[in-house]
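A closer look at the structure
Residue strings, one per chain:
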Amino acid sequence: MDPKLLDILACPLCKGPLKLSDDQHELICKADGLAYPIRDGIPVMLEGEARTLTVDERLDK
Ligand SMILES: [Zn+2]
């Protein structure tokens, strides 16, 4: 994924910054505890498509 794309993306819920997951398959919003999927290199910025982070993931970093 283009790192520049990450700079302009923001969480659709809280407008906060997103973090690329370690496996680079998701964009994570720590504030909301959600992970937005990246499909074919395209981030899916929809709350309905987002995965809820596990407790471990929320505590990580
Ligand atoms: Zn958010």
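Residues numbered from 1 in each chain as written. Predicted model: local features only at pLDDT ≥ 70, side-chain atom pairs only at ≥ 80, totals over all residues. Heavy atoms only, no water.

Quick look at the pattern of salt bridges now. A full pass over the atoms with the stated rule returns 3 salt bridges. For the salt bridge of Arg51 with Glu26, the shortest nitrogen-to-oxygen distance reads 2.7 Å. Linking Arg51 in strand E5 (residues 51-52) with Glu26 in strand E2 (residues 26-29), this pair joins segments that are 25 residues apart in sequence. Residues joined by salt bridges that share partners form a network here, namely Glu26, Arg51 and Glu57. (Salt bridge = Lys/Arg side-chain N within 4 Å of Asp/Glu carboxyl O. Helix = DSSP H or I, 4+ residues; strand = E, 2+ residues; numbered from the N terminus.)

A few words on the coordination of the zinc ion. In the first shell of the zinc ion, the protein supplies Cys11 (SG), Cys14 (SG), Cys29 (SG) and Asp32 (OD), at 1.9 to 2.3 Å from the metal. One can describe the donor arrangement at the zinc ion as tetrahedral, given that its 4 donor atoms subtend angles of 99 to 115° at the metal. Summarised as a motif, the one-chain spacing of the donors to the zinc ion is C-x2-C-x14-C-x2-D. Within this pair, whereas Cys14 is found in the loop between helix H1 (3-8) and strand E1 (19-20), its partner Cys29 is found in strand E2, the two being separated by 15 residues in sequence. (Donors = N, O, S within 2.8 Å, 3.2 Å for Na, K, Ca; no water. Tetrahedral: all angles 85-135°; square planar, octahedral: opposite > 155°, others 65-115°.)

By themselves these figures say nothing about function.
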